[in-house]
Amino acid sequence: MDFNLNEQEKMLQRMAGEFAIKLVEPRAAEIDSSGQFPFDLAKEIGERGYQGLPYPAEYGGSEAGYTSYTLVLEQICQASMTVGAIMAINTVPEEAIFRFGNEEQKKTFLAPLVQGELLGSIAFTEAETGSDPEAIATIARKSGDGYVISGQKHFVALAPAADLALVFTRREGKGLNAFIIDTSSSGYNVREPCETMGLRGLGTSVVYLDDLYVPQQNLLGEEGQGFGILLEAITLGRLGVAVEGVAVAQAALELSIDYAKQRKALGKPLARLPTIQWHLAEMASRIEAGRWLTYRAAFLRDQGLDIKYESSVAKLFASQMTVEVTRMAMQVHGSYGTMKTMPIERLYRDAKMTEIYVGISEMQRNIIANYLI
Ligand SMILES: Cc1cc2nc3c(=O)[nH]c(=O)nc-3n(C[C@H](O)[C@H](O)[C@H](O)COP(=O)(O)OP(=O)(O)OC[C@H]3O[C@@H](n4cnc5c(N)ncnc54)[C@H](O)[C@@H]3O)c2cc1C
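Residues numbered from 1 in each chain as written. Predicted model: local features only at pLDDT ≥ 70, side-chain atom pairs only at ≥ 80, totals over all residues.

### A word on the overall build of the protein
Within the protein one finds 10 helices and 10 strands. Taking 21 Å as the expected radius of gyration for a compact globule of 373 residues, we find that the protein reaches 21 Å, a close match to that expectation. Along the first, second and third principal axes, the C-alpha atoms of the protein reach 80 × 45 × 45 Å. Looking at the 373 residues of the protein, the share that counts as buried comes to 51%. (Helix = DSSP H or I, 4+ residues; strand = E, 2+ residues; numbered from the N terminus. Rg over C-alpha atoms; globule rule 2.2 N^0.38 Å. Buried ≥ 20, exposed ≤ 12 C-beta atoms within 10 Å, placed from the backbone.)

Here is the structure:
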């Protein structure tokens, strides 16, 4: 067991931190208030090689590993959870293609995703379901040398920017299929944006798939293997959300410490009050626990291990932790914390998203319990 970061990991963490402070943090409030997708920052993340950290050099990756990915993502999410989430979501189709794609698909789709030339999204959720694959209604019917897909996908993040989408459909037979879809295809239509409370600016939208033709070579994995692909790829998504939770909580703690030092009550700084000190200490302790759970999941992935259990544990814990930590941070800030002009208000809204997206906490408990039993 080694709890130390190596020199390369420390360097990546430092460089990502500089990028986050210089270019991401100054934009966080404006992205949140405008709800506009930050195309330029998404491009910059790709150009810096952050989309390729865990992937092999033959596809343009840096082979720096999942721990490095986690460290970089944490720095970016601390500045803006939305900007970090762009990086985390793009990793889900990357991971799916890396694990299940054939050589042709890896060259055509994975390499440009890894090198930041393309941006990828994932489309699973529908109007009637976000948790139950049995309820997926979007259908792929065999047609000539390919498939015709019809249906609607809801809450598709990155939709206005994504060049390709990993779309999950029902089959004509049993099970699900996973397709890599070029979003410029006729029949792929990004419709109304989903105005969410937090993670604003993520481009989350409803997408219509209107008799969309997909060639056979865009089927990922085997016929009916879609659910297995989803579980494997979403594991990385869950690791990403755990990182988001830790980062948002850390940002809330740092703001609270600063505020408690400069704001006065009873003639002395808030930081001198035992109640405020208890809040800060609780926040720090919980963040440490969430961070180490998250790092451990990434470390195990670097060993080539299955981390479905560990990523669910990390997501469940970190999401509950960040909701609680931002609530305490809000309390430390008093009325000023509730103001739209204060970053703590955004962190409080963003934190709640981690308990819901990429799998509700109830699903994480089901997964964890299944492993235990
Ligand atoms: C900002 C944002 C971005 C998103 N990005 C994407 C994306 O890119 N791609 C995508 O496909 N989806 C995306 N989603 C959708 C998201 O992942 C789903 O909405 C989420 O998984 C929950 O699904 P649901 O809303 O259908 O909840 P439901 O499944 O309807 O669940 C509602 C509630 O019912 C209870 N419940 C449901 N099922 C169970 C169960 N099995 N056991 C116990 N309790 C249960 C829980 O209390 C749960 O909170 C995004 C959502 C948001 C808000």
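### Quick notes on the packing of helix H4 (residues 81-100) against helix H5 (residues 103-114)
Packing of H4 against H5 brings their axes to within 10 Å, and their N-to-C directions diverge by 150°. Overall, the two elements H4 and H5 adopt an arrangement that is roughly antiparallel. In this structure, H4 crosses over H5, and the sense of that crossing is left-handed. Note on element contacts: H5 touches H4 through Gln105, Lys106, Phe109, Leu110, Leu113 and Val114, opposite Asn90, Pro93, Glu94, Ile97 and Phe98. (Axes fitted to C-alpha atoms, helices over the stretch in contact; angles between N-to-C directions. Parallel < 35°, antiparallel > 145°, perpendicular 65-115°, else oblique. Left-handed = near helix turned anticlockwise from the far one by under 90°. Contact = placed C-beta atoms within 7 Å.)

### Some remarks on the nonpolar core
A general tendency of soluble globular proteins is for nonpolar side chains to be buried together. In this structure, Ile76, Phe179 and Ala329 are the most contacted members of the largest nonpolar core, which totals 120 residues. Looking at this core element by element, the count peaks at 18 residues for helix H6 (residues 226-262). Non-local contacts of alanine 329, meaning those with residues more than four positions away in its chain, are made with Ala252, Leu253, Leu255, Ser256, Met283, Gly337, Ile344 and Leu347. (Core = buried A, V, L, I, M, F, W, Y, C linked by C-beta atoms within 7 Å.)

### Quick word on the pairing of strand E3 (residues 146-156)
In this sheet, E3 lies alongside strand E2 (residues 139-143) in antiparallel orientation, the contact comprising five bridges. Bridge pairing in E3 links lysine 142 to tyrosine 147. What sits between the antiparallel neighbours E2 and E3 is a turn of two residues, in which glycine 144 has the positive phi angle 55°. (Pairing = 2+ DSSP bridges.)

### Here we look at the packing of helix H1 (residues 7-34) against helix H3 (residues 66-79)
In helix packing, the relevant descriptors are the interaxial angle and the interaxial distance, both defined with respect to the helix axes. Following both chains from N to C, one finds H1 and H3 inclined at 25°, their axes separated by 7 Å at the closest point. In terms of their interaxial angle, H1 and H3 are classed as roughly parallel. Between H1 and H3 the crossing geometry is right-handed. Across the interface between the two elements, Glu9, Leu12, Gln13, Ala16, Gly17, Ala20, Ile21, Val24, Glu25 and Ala28 from H1 touch Thr67, Ser68, Leu71, Val72, Gln75, Ile76, Gln78 and Ala79 from H3. Grouping the amino acids of the contact of H1 with H3 by side-chain chemistry returns 10 nonpolar, six polar and two charged. (Nonpolar A, V, L, I, M, F, W, Y, C, P; charged D, E, K, R; others polar.)

### A look at the domain arrangement of the protein
Once the domains are mapped, the protein shows domain 1 (7-118), domain 2 (121-226) and domain 3 (229-372). Of note, the centres of domain 2 and domain 3, computed from C-alpha atoms alone, are 30 Å apart. Residue-level contacts link 11 residues of domain 2 with eight residues of domain 3. In the side of domain 2 that touches domain 3, the residues fall into six nonpolar, five polar and no charged. (Domains from an automatic or database assignment.)

### A closer look at the site of the ligand
The ligand sits among 25 residues. The nearest are Thr125, Gly130, Ser131, Phe155 and Glu362. Listing elements by their share of the shell around the ligand, those giving two or more residues are strand E1 (120-123), E3 and helix H10 (361-372). In terms of residue class, the shell around the ligand is made up of 15 nonpolar, nine polar and one charged. Summarising the domain contributions, the shell around the ligand has at least three residues from each of domain 2 (121-226) and domain 3 (229-372). (Near = placed C-beta within 6 Å.)

### Quick notes on the pairing of strand E5 (residues 176-182)
Here E5 lies mainly inside the structure; six of its seven residues are buried. In the sheet, strand E4 (residues 164-170) pairs with E5 via seven bridges, with the strands oriented antiparallel. Residue pairing for E5: leucine 166 is matched across the bridge by isoleucine 180. Bridging between E5 and strand E8 (residues 219-220) involves two bridges; their strand directions are antiparallel. By the bridge assignment, alanine 178 is partnered in E8 with leucine 220.

### Some details on H3
For H3, spanning 14 residues, the distance from its first C-alpha to its last is 20 Å, which sits close to the expected 20 Å at 1.5 Å a residue. Of all the 14 residues making up H3, 14 are buried; the element is thus mostly covered by neighbouring parts of the structure. (Expected span 1.5 Å × (residues − 1).)

### A look at unusual backbone geometry
If you check the backbone angles, leucine 158 has positive phi at about 70° while not being a glycine. Positionally, leucine 158 belongs in the loop between E3 and E4. Leucine 158 gets classed as buried once you count the C-beta atoms within 10 Å, which come to 24. Residue leucine 199 is not a glycine yet carries a positive backbone phi of 50°. Along the chain, leucine 199 falls in the loop between strand E6 (188-193) and strand E7 (205-215). The class for leucine 199 is buried, based on 26 C-beta atoms found within 10 Å.

### Brief notes about the environment of alanine 242
Looking at the secondary structure, you find alanine 242 in helix H6. The spacing of alanine 242 and glycine 52 is 190 residues in sequence and 19 Å in space, taken between C-alpha atoms. With residues near it in sequence (within four places) discarded, alanine 242 still touches Thr294, Ser311, Ala314, Lys315 and Ala318.

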